[in-house]
Amino acid sequence: MPHPLTELKLTTVTKPADATAHEIDADVCVVGAGIAGTSAAIESARLGRDVVLVDGLPALGGQMVHSLIGLFCGVFGNEPEYRQLTHGLFDDMFRDLGETGDLYFRRGHTMVVHYDEIALGRWLETTIRELGIRVILGAVIQRVDVADGRVQSVSLASRYGDVTVTATGFVDATGDASLTWEAGLPCRVPERPIYGSQQVIVEHVDEAHKPEPGELAARLGAKITHYGLVRRDGLAFFFPSRGTAVLNMTHIEAPLDPVRASEAGLDGKAQADRVIEFLRAEYPKAFGNARARAYGFPGRRQTRWIKGLHHLTADEVRSGVRFSDAVARTAWPIELHDRIEGYVWETFDADHVHYVPLRSMIPEGVHNLVAAGRCVDGDAAALSSVRVMGPCAAMGAGAAHALDLAGKDSVRDVDLGALRERLRANLE
């Protein structure tokens, strides 16, 4: 039997003139809940720290979940050994999502890992809740207070009111170095656009007739003008036995201006629609019945990043310099999307590994803030080879351990031997 209707009284309220912000204290505040930020938050919580994780989206996962790329890059080395270069968070993900059939491994020059975004998103949410990490979603930075070379607090705006988080240590995993920027610290921007992508998932795909990647890219380049496209290459990632594919065949600008950024997102969807038109017409057996199932949030590769204590260079990447303060490694190619029609793709040999030093993650002028992910310091080419998910997750773990070792002192002065020992699985 349904419950009987009872009176529900209403109260009329207005915002108090002296309304104060919600005040939260923590050991570590991580801003940005993509792969770098969730890795930093999870690792900090496992170290026994009280962690607050903030993101501007209303859900966790950042581009890892919401851009719909569905692809872990840079976790493994190159053929023929395909050594796993980053562990930690990935070991747990691979175990749990592998058991449910929500990821698979694809080998080529290197090995990449395809995953189901919905399953991964729920895995992250469950893990973060089990660890007791406090989460503030749909919140954007209003102000960052800095005194005596230390970030004191970050003030946020949310639909539920203003929030101020005070912490001993902070992680900037925003992707755009927003925390560093709002703290008034120096940042870097490229002289010309580095393009992002608009991913789209299509369904009703016949993977038995899928085109080979090289042939697909060649035909796309030949037909670019006919279909009104801008990128001459791209990839379609097929998830086995599900009749779906993720299309990564667009290039969109990623401006930091709010109006232009919104316009770029709309342009990306229009490009994605034209890509689907191209595939239906050119590959009717594979894509004749394809239709868009979901458009991801616009993917952003390189926009604004910190000016750190060390500027990672392309020469250091190519030569595989092993830094004394290394915290992450990868063998991913230089992949610079600085031209609208295509990108630079510079691969490395079988034994190659290159590293990210902690100094490239520490902004100038501050002692308790560590950046992680695609906003660490490097020239554009170097950053293009370390901004993928494998090393970004390792950077998040490295940031957590650096802050843990520093305590109330400076992350610049941490015991590097102790740091290397903690990060051994990601370095040796």
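Nothing here was measured: the structure is a model prediction, and the numbers come from that model.

Q: What exactly am I supposed to notice about unusual backbone geometry here?
A: Leaving glycine aside, a negative phi is the common case for residues, and trans is the common case for peptide bonds. In this model, Glu-79 is joined to Pro-80 through a cis peptide bond whose omega is 5°. Within the fold, Pro-80 resides in the loop between β3 (71-72) and α3 (89-99). In this model, Tyr-82 sits at a positive phi of 50°, which is unusual for a non-glycine residue. Positionally, Tyr-82 belongs in the loop between β3 and α3. Judged by its relative accessible area of 11%, Tyr-82 is buried.

Q: I tried to follow helix α11 (residues 389-406) on my own but got confused; where do I start?
A: Think of an α-helix as turning once every 3.6 residues; residues three or four places apart then point the same way. Between its first and last C-alpha atoms α11 spans 26 Å; for 18 residues at 1.5 Å apiece the expected length is 26 Å, and the two agree. Among the 18 residues that make up α11, 17 are buried, leaving the element largely enclosed by the rest of the structure.

Q: Where do I start with the packing of helix α1 (residues 35-46) against α3 in this structure?
A: Geometry of a packed helix pair, given as the angle between the helix axes and the separation of the axes. Viewed as axis vectors pointing N to C, α1 and α3 meet at an angle of 100°, and their least axial separation amounts to 10 Å. On the basis of the axis angle, α1 is roughly perpendicular to α3. Residues Ile-35, Thr-38, Ser-39, Ile-42 and Arg-46 of α1 form the contact with α3, whose participating residues are Leu-89, Phe-90, Asp-92 and Met-93. Tallied by class, the residues present in the contact of α1 with α3 amount to five nonpolar, two polar and two charged.

Q: Could you clarify how one ought to interpret the sheet that holds strand β14 (residues 291-295) in this entry?
A: Paired through backbone hydrogen bonds, the strands of a sheet run either parallel or antiparallel to each other. Overall, antiparallel pairing links the four strands, which are arranged β12-β13-β11-β14 in an open sheet. Since the sheet does not close on itself, it has two edges, and those belong to β12 (235-239) and β14, each with one partner. Strand-to-strand twist in this sheet, taken as the mean axis angle between neighbours without regard to direction, amounts to 30°. Bridge analysis of strand β11 (residues 200-203) against strand β13 (residues 244-248) gives four bridges, and the strand direction is antiparallel. Residue pairing across strands places Val-200 opposite Leu-247, the latter belonging to β13.

Q: Please explain the sheet that holds strand β5 (residues 111-115) as it appears in this structure.
A: Taken together, three strands build an open sheet; the order of strands is β3-β5-β4 and the sheet is antiparallel. Of all the strands in the sheet, the pair left with one neighbour each is β3 and β4 (103-107). Note: β3 against β5, two bridges, orientation antiparallel. The residue of β5 that forms the bridge with Leu-71 is His-114.

Q: It is not clear to me how the packing of aromatic side chains should be interpreted in this structure. Could you clarify?
A: Centre-to-centre distance and the angle between the planes together describe a pair of aromatic rings. Applying the stated criterion across every chain yields a total of 13 aromatic pairs. Here the aromatic rings of Phe-76 and Phe-94 are separated by 6.1 Å at their centres, their planes lie at 10°, and the arrangement is stacked. Of the two residues, Phe-76 is situated in the loop between β3 and α3 and Phe-94 in helix α3; the sequence distance between them amounts to 18 residues. Of the two residues, Phe-76 and Phe-94, both sit in the buried class. Arranged with centres 5.3 Å apart and planes meeting at 80°, the rings of Tyr-104 and Phe-239 form a pair that is edge-to-face. Within this pair, whereas Tyr-104 is found in strand β4, its partner Phe-239 is found in strand β12, the two being separated by 135 residues in sequence. Both residues of the pair, Tyr-104 and Phe-239, belong to the buried class. These aromatic residues form a ring-pair network of at least three members: Phe-72, Phe-76, Phe-90, Phe-94, Phe-105 and Tyr-115.

Q: I keep staring at the pairing of β5 and nothing clicks. Help me out?
A: Burial runs high along β5: five of the five residues are buried. Burial of β5 is two-sided: the residues Met-111, Val-113 and Tyr-115 facing one way and the residues Val-112 and His-114 facing the other way are all buried. With five bridges joining them, β4 and β5 adopt antiparallel strand pairing. By the bridge assignment, Arg-107 is partnered in β5 with Met-111.

Q: Is there a simple way to explain the pairing of strand β9 (residues 161-172) in this structure?
A: Along a regular strand, successive side chains alternate from one face of the sheet to the other. Two elements, strand β1 (residues 22-31) and β9, share nine bridges in a ladder whose sense is parallel. Residue pairing across strands places Val-30 opposite Val-171, the latter belonging to β9. Taken together, the six bridges between strand β8 (residues 150-158) and β9 define a ladder with antiparallel strand orientation. Residue pairing for β9: Ala-157 is matched across the bridge by Asp-162. With antiparallel pairing between neighbouring strands as the criterion, β8 and β9 make up a hairpin whose turn holds two residues. Pairing analysis gives three bridges linking β9 to strand β20 (residues 369-371), with the strands arranged parallel. Looking across to β20, one finds that Phe-170 is bridged to Leu-369.

Scoring rules and cut-offs
- Residues numbered from 1 in each chain as written.
- Predicted model: local features only at pLDDT ≥ 70, side-chain atom pairs only at ≥ 80, totals over all residues.
- Heavy atoms only, no water.
- Helix = DSSP H or I, 4+ residues; strand = E, 2+ residues; numbered from the N terminus.
- Buried < 20%, exposed > 50% of the residue type's maximum accessible area, 1.4 Å probe, protein only.
- Expected span 1.5 Å × (residues − 1).
- Axes fitted to C-alpha atoms, helices over the stretch in contact; angles between N-to-C directions.
- Parallel < 35°, antiparallel > 145°, perpendicular 65-115°, else oblique.
- Contact = heavy atoms within 4.5 Å.
- Nonpolar A, V, L, I, M, F, W, Y, C, P; charged D, E, K, R; others polar.
- Pairing = 2+ DSSP bridges.
- Phe/Tyr/Trp six-rings, centres within 6.5 Å; stacked < 30°, edge-to-face > 60°.

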